[in-house]
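Analysis of the macromolecular model
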Amino acid sequence: MSERWDIFCRVVDNYGDVGVSWRLARSLAREHGKRVRLWLDDLTVIAKLKPGTDTAHDVHHAEGVEVVRLRALPFAPRGVADVVVETFGCGPPAAYVELMAEQEQKPRWINLEYLSAEDWVEGSHALASPHPRLPLTKFYFFPGFTAGTGGLLREQGLLARRDEFQSDAGAQAAFWRSLTGKAPPEEALKVSLFTYADAPVESLARACQQYPGPVWLVAPDGAAASSLRDQLMPGHDSAQRNVHHGGRRREVEIFRVPFLPQDQYDLLLWASDVNFVRGEDSFVRAQWAARPFVWHVYPTADHAHWVKLAAFLHRYEQGLDCAQAAAVDGLWNAWNQRASSPSPNGAKPGLPDAWAGFVANRAALRGRARAWSDRLAARPDLAAALVDFADKSLAQAPVTS
C-alpha cells in the first residue's frame, strides 16, 4: 500500500496558505502516488479554489485527495500518517502529536515553511528540531529559489501547457471572451490585479490613462475589484474610460470578474501582459507565467516584509541593466508603500512615474521573466523535493527524545 501523507493547514492569509497546501496535496497524490489527507480548518476557502468542494460535511474527496475539516477539540486523529507535513508552522493538534509519539515506527515530521529569497534560508533548510518532551523530531523544509532549498511547486506539464496556450491567439481570445464577454484589441495592454486591501489600485488605474494605447485592467473578485468598484458603471461589471491627450484617444477598460479557480487563474496570468499578485501562491504562479509581474508582499508588524521584498529583487534583477532594474525596483516599492510601513529605502518614484518606467521597459522585462522561469524550472519542483527528502533523508534519520 502506498504511503499515507497528512498535510495540516490553518488559514492565515486566506487563499495563499490553502492554495499552497492544496497544490502540494494534489501533486503528491497525482504525481507521486501518495495517499493524502489535507486537514483544513476552513473549507470555505478551498471551495473557492476548487469548485464542487462539499463544505457541509467534514470529509470531501477531490482529485485523489481526502480533504478533512480540522475541527477544534475534541479531535479524532483517525490514524497517523507515515509522513506528517505541517504548513507554515501551524502544528498538528496535540492529540495527533501524542499519537505520533506512540507509534513504533515514528512518522517523518516536516514543517513546510514560508517562501523567502533571504540568504539565511539555505542554512536553515532541512534542519532538525527535537521535540522537547516526546521522542519525535521535526525537520524544517524551505521552498526557495536556489539549489540549497526545496524549490517551488510546479505540476508536471505545467510549462508545456503554458507555452501552448501563449502561442495560441485563438485560445487566448476564447479565454477572454469567456471571462469578459469579448476579446481585447490586439494592441491592448492587459493587466491582472490580485492584491491586498491597501494596494494603490485607484492610482494605478489613473496612471494607465497615460499609456499610449488601450489598457485592460482585470480584477477577480476581491480587494482589487472592491477598490475599483467606484470606477465601474453602476450595475455593471466593466467600465471604459476615454482620455483625450494631444489629439490621441486613450482607453482604459476595467473588468471586475468572478473569483477564479486555480487552473483558470493560471490562464489569466498566462494571457495577461503584466500581473499584480500577492502573498505566496499567486506570487509563485506569476513566475511560472513568464510575464512581467509585481508582488504585493504580505505586511508584517516589524516591517520585515521589506527585507523579504529586497532579497527577492536582488536575485530577480540580476541580468537586467541599471534602467531595467530601476524600473522593477521603482514600481515594486511604490506598489508596496503603506502608511503604516513606509519603505526604509528613502524616497522612491511615485506610482505614475514608476508605472511609466515599468511599461517602457516591458519588452526587456518580459525576456527576463521568461529567463527566470526557465532557470527555476531546471530544478526539481517542491513536491518532488519533499518526497525525495522524506524517502532518502528522513527514512534513516534517528529519532531524538
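The structure reproduced in this document is the subject of the present report.

Rules used throughout
- Residues numbered from 1 in each chain as written.
- Predicted model: local features only at pLDDT ≥ 70, side-chain atom pairs only at ≥ 80, totals over all residues.
- Heavy atoms only, no water.
- Helix = DSSP H or I, 4+ residues; strand = E, 2+ residues; numbered from the N terminus.
- Contact = heavy atoms within 4.5 Å.
- Areas by Shrake-Rupley, 256 points an atom, 1.4 Å probe, with all protein chains shown as cover.
- Pairing = 2+ DSSP bridges.
- Axes fitted to C-alpha atoms, helices over the stretch in contact; angles between N-to-C directions.
- Phe/Tyr/Trp six-rings, centres within 6.5 Å; stacked < 30°, edge-to-face > 60°.
- Buried < 20%, exposed > 50% of the residue type's maximum accessible area, 1.4 Å probe, protein only.

Some points on the overall build of the protein chain
When you go through the protein chain residue by residue, the secondary structure sums to 15 helices and 14 strands. Contacts spanning at least 24 positions in sequence make up 71% of the contacts within the protein chain whose residues lie at least 6 apart. About 16700 Å² of surface is accessible on the protein chain, with carbon and sulfur atoms providing 51% of the total.

Side note on the side chain of K34
Among the secondary structure elements, K34 is positioned in the loop between α1 (15-32) and β2 (35-40). The residues contacting K34, other than those within four sequence positions of it, are S2, E3, W5, L28, A29, V387 and D391.

What to know about the sheet that holds β2
The mixed open sheet is built from eight strands, whose spatial order is β3-β4-β2-β1-β5-β6-β8-β7. Edge positions in the sheet fall to β3 (59-62) and β7 (128-130), since each has one partner strand and no second. Across the sheet, the axes of successive neighbouring strands diverge by a mean angle of 25°, strand direction being ignored. Alignment of strand β1 (residues 4-9) against β2, held across six bridges, turns out to be parallel. The partner of W5 across the bridge, within β2, is V36. Here α1 sits on the sheet and contacts β1, β2, β3, β4 (65-69), β5 (83-87) and β6 (108-112); the angle it forms with β1, its principal contact strand, is near 175°.

Focus on the environment of E186
Locating E186 in the fold gives a position in the loop between α6 (169-180) and β9 (189-193). Separated by 28 residues in sequence, E186 and P214 place their C-alpha atoms 9.4 Å apart.

A look at the packing of aromatic side chains
Tallied over the full model, the rule gives 31 aromatic pairs. Ring geometry for F88 against Y114: centres 4.3 Å apart, planes inclined by 15°, an arrangement best described as stacked. On the criterion of sequence distance, the pair formed by F88 in the loop between β5 and α3 (94-102) and Y114 in the loop between β6 and α4 (120-124) is long-range, its members being 26 residues apart. A residue is classified by how much of its surface remains accessible, and F88, at 12% relative accessible area, is buried. Y114 sits in the partly exposed class, given a relative accessible area of 33%. A centroid spacing of 3.9 Å and a plane angle of 5° characterise the contact between F283 and W295, whose relative ring orientation is stacked. With F283 in helix α10 (residues 281-289) and W295 in strand β14 (residues 293-296), this residue pair connects regions lying twelve residues apart in the sequence. For F283, a relative accessible area of 2% gives the class buried. What links up through ring pairs into an aromatic cluster is the set F145, F283, F293, W295, F312, Y316, W332 and W372.

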